[in-house]
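Chain by chain, the residues:
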Amino acid sequence: MSKILVTGGLGFIGSHTVVELQNEGYDVVIIDDLSNSTIDVLDKITSITGIKPDYFNIDLKVKSSVQDFFKNNKIDGIIHFAASKAVGESVQKPLEYYENNIGSLVYLLQEMKATNVNNFIFSSSCTVYGQADELPITEDAPIKPAESPYGNTKQIGEEIIKDSTKVSDIKAIALRYFNPVGAHPSTKIGELPIGVPQNLIPFVTQTAARIREQLSVFGSDYETPDGTAVRDYIHVVDLAKAHIVALQRLLKNKNKSNFEVFNIGTGKGNSVLEVIKAFEKVTGKKLNYKLVDRRPGDITAAYADTTLATKELGWKPELTLEDALLSAWKWQETL
Ligand code: WQD
């Protein structure tokens with residue numbers, strides 16, 4: 001069976017994707033520098049699937065290390081998650097974000113070209129759309145000027161990949177994620193935010209677990225039904241499965257162009273207050289929260305039009321927001 005490199009494979013979305021790849025019978029090799037993950041995730045993946053992935057602790061910002069890896073490992077495709085992803089942090093440390101997210105991408109693509117590895121799945125983000133003019137958001141919605149260096153690295157990353165496919169045999173698919181949430185039903189892997197969670201769901205579960213005193217709801221004066229911001233919360237297992245079908249599209253040469261983009265979300269928007277109510281309903285926990293000012297840089301609403309992913313990839317979400325919130329809570333209880 002094909003051997004697939006998963007960079008960032010010990011991270012939140014990466015680890016769930018490794019599990020689904022192994023479930024499909026793929027041979028998986030992980031590169032992860034542990035900058036935003038822990039080595040015990042490797043054993044957790046193994047305990048779920050019964051197969052221990054190959055693992056290399058490589059810093060993809062070091063060109064010679066990337067070259068050595070490709071010299072010694074014959075792979076059939078790459079799913080590239082490894083990147084810094086904290087929006088706020090990227091504003092404070094832009095050069096670190098450009099060095100890590102762009103530098104490592106360039107080295108990977110250079111070695112792919114040099115060693116004739118031609119199937120590439122890129123972890124992109126709905127953040128490239130900014131506040132879209134129309135909802136739900138389709139793949140041909142205009143790309144807006146990035147609101148953060150993190151978002152800019154996703155926009156620039158897509159451009160770099162597109163340009164690479166024009167001068168090589170590389171075929172690539174960028175998956176623009178909406179808001180990944182939840183955890184694996186085994187409760188062996190899930191989201192492991194370092195420090196104070198920036199994202200909503202880990203902050204919700206840590207508040208329910210009394211690790212955090214109170215959840216602040218950022219903004220209650222948005223032009224939405226209940227005044228709080230709306231997002232498209234996609235279960236991480238559904239998101240992981242989207243990577244498998246995208247990879248298979250490339251491996252079977254079913255792609256219609258050498259650079260394709262797909263929005264991966266549920267197609268449904270939920271407000272922060274709706275998420276809180278759903279969490280309280282599925283867990284029976286009462287959440288301590290307060291309405292505060294908006295968070296700078298946040299958009300009012302975003303949710304995906306998933307027509308293209310369903311039509312071309314045959315993919316559609318199977319799990320609900322409630323499934324995701326319950327799985328996130330069950331995962332939190334194991335920490
Ligand atoms: C969701 C909603 C907040 C925390 C970002 C990136 C995106 C992706 C996911 C990496 C917003 C509100 C949050 C809190 C709150 N990142 N919120 N209180 O900002 O939609 O997307 O993370 O891949 O690229 O842009 O996600 O979870 O931070 O916020 O009220 O303590 O929850 O204002 O409306 P976001 P989020």
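Quick notes on the rules
Residues numbered from 1 in each chain as written. Predicted model: local features only at pLDDT ≥ 70, side-chain atom pairs only at ≥ 80, totals over all residues. Heavy atoms only, no water. Helix = DSSP H or I, 4+ residues; strand = E, 2+ residues; numbered from the N terminus. Rg over C-alpha atoms; globule rule 2.2 N^0.38 Å. Buried < 20%, exposed > 50% of the residue type's maximum accessible area, 1.4 Å probe, protein only. Contact = heavy atoms within 4.5 Å. Areas by Shrake-Rupley, 256 points an atom, 1.4 Å probe, with all protein chains shown as cover. Lys, Arg positive; Asp, Glu negative; His and termini not counted. Charge placed at Lys NZ, Arg CZ, Asp CG, Glu CD. Near = heavy atom within 4 Å. Polar contact = N/O pair within 3.5 Å; in protein donor to acceptor, adjacent residues only side chain to side chain. Nonpolar A, V, L, I, M, F, W, Y, C, P; charged D, E, K, R; others polar. Core = buried A, V, L, I, M, F, W, Y, C linked by side-chain atoms within 4.5 Å. Pairing = 2+ DSSP bridges. Axes fitted to C-alpha atoms, helices over the stretch in contact; angles between N-to-C directions. Phe/Tyr/Trp six-rings, centres within 6.5 Å; stacked < 30°, edge-to-face > 60°. Expected span 1.5 Å × (residues − 1). Salt bridge = Lys/Arg side-chain N within 4 Å of Asp/Glu carboxyl O.

### Quick word on the overall build of the protein
What the protein contains, in helices and strands, is 11 helices and 13 strands. Relative to the compact-globule value of 20 Å for 335 residues, the protein shows a C-alpha radius of gyration of 19 Å, a close match. In terms of its C-alpha atoms, the protein occupies a principal-axis envelope of roughly 55 × 45 × 40 Å. Counting all 335 residues of the protein, 54% fall into the buried class. Considering only intrachain contacts with a sequence separation of at least 6, the fraction spanning at least 24 residues in the protein is 79%. Working note: accessible area of the protein is about 14,700 Å², and carbon and sulfur atoms make up 50% of it. The averaged location of the 42 negative side-chain charges in the protein is 2 Å from the averaged location of its 36 positive side-chain charges.

### Observations regarding the site of the ligand
Every one of the 20 residues lining the ligand counts as a neighbour, but Tyr-150, Leu-200, Ser-216, Arg-231 and Asp-298 are closest to it. Within the side chain of Ser-125, an N or O atom sits 2.9 Å from an oxygen atom of the ligand. Asp-298 is positioned such that a nitrogen or oxygen atom in its side chain is 2.5 Å from an oxygen atom of the ligand. Taken together, the elements giving at least two residues each to the shell around the ligand come down to α7 (200-208) and β8 (215-218). For the shell around the ligand, the element with the most residues is β8, which contributes 4 residues. For the shell around the ligand, the class distribution of residues is 10 nonpolar, 6 polar and 4 charged.

### Considering the nonpolar core
Of all hydrophobic cores here, the largest spans 35 residues; its most connected members are Leu-21, Ile-121, Leu-175 and Ile-264. For this core, the secondary-structure elements that each account for two or more residues are β1 (3-7), α1 (12-23), β2 (27-31), α2 (40-49), β6 (171-177), α8 (236-251), β11 (259-264) and α10 (307-313). Per-element tally for this core: the top contributor is α8, with 8 residues. Beyond its immediate sequence surroundings of up to four residues, Leu-21 is in contact with Ile-4, Val-6, Tyr-26, Val-28, Ile-79, Ile-244 and Leu-247. Counting 26 residues, the second-largest nonpolar core is a separate cluster that includes Ile-58, Ile-75, Ile-78 and Phe-122.

### Considering the environment of Tyr-177
Considering the arrangement of structural elements, one finds Tyr-177 in strand β6. Residues Tyr-177 and Asn-253 lie 76 residues apart in sequence; the distance between their C-alpha atoms is 23 Å. What Tyr-177 contacts, discounting residues up to four positions off in sequence, is Ile-13, Phe-81, Ser-123, Ser-124, Ser-125, Cys-126, Leu-239, His-243 and Ile-264. Polar side-chain contacts of Tyr-177 include one of 3.1 Å to the side chain of Ser-123.

### Quick word on the sheet that holds β1
Spatially, 7 strands are ordered β3-β2-β1-β4-β5-β6-β11 in an open sheet, and the strand pairing comes out parallel. Where the open sheet ends on each side, the last strands, each with one partner, are β3 (54-56) and β11. Strand after strand, the sheet turns through a mean of 20° between neighbouring axes, direction not considered. Examined bridge by bridge, β1 and strand β4 (residues 77-80) share 4 bridges and lie parallel to one another. Along β4, the bridge assignment pairs Ile-4 with Gly-77. Of the strands in this sheet, β5 (119-125), β6 and β11 touch helix α6 (residues 149-166), which is tilted by about 155° from β5.

### Regarding the packing of aromatic side chains
The description of an aromatic ring pair uses the distance of the two centres, along with the angle that the planes make with each other. In this structure the tally under the stated criterion is 3 aromatic pairs. Relative to Phe-69, the ring of Phe-56 has its centre 5.4 Å away and its plane inclined at 80°; by these criteria the two rings are edge-to-face. Of this pair, Phe-56 sits in strand β3 while Phe-69 sits in helix α3 (residues 63-72); the two residues are 13 residues apart in sequence, bridging distant segments of the chain. The class of Phe-56 is partly exposed, set by a relative accessible area of 30%.

### Focus on α6
With 18 residues, α6 ought to run about 26 Å at 1.5 Å a step, and its terminal C-alpha atoms sit 26 Å apart, in line with that. Taken residue by residue, α6 has Pro-149, Tyr-150, Gly-151, Thr-153, Lys-154, Gln-155, Gly-157, Glu-158, Ile-160, Ile-161, Ser-164 and Thr-165 as its buried positions. Where the residues of α6 are buried, they touch α4 (87-92), α5 (94-115), β5, β6 and β11.

### Re the pattern of salt bridges
One pass over the full model with this rule turns up 18 salt bridges. For Asp-59, the salt bridge goes to Lys-61, with nearest N and O atoms at 3.2 Å. Residue class for Lys-61 comes out partly exposed when judged on its relative accessible area of 28%. Close ionic contact of Lys-93 with Glu-89 constitutes a salt bridge, the shortest N to O distance being 3.8 Å. Classification of Lys-93 as partly exposed rests on a relative accessible area of 35%. Residue classification places Glu-89 among the partly exposed positions, given a relative accessible area of 35%. Overlapping salt bridges, with partners in common, bring together Arg-249, Lys-256, Glu-260, Lys-311 and Glu-312 in one network.

No statement about biological role is implied by the geometric values presented.
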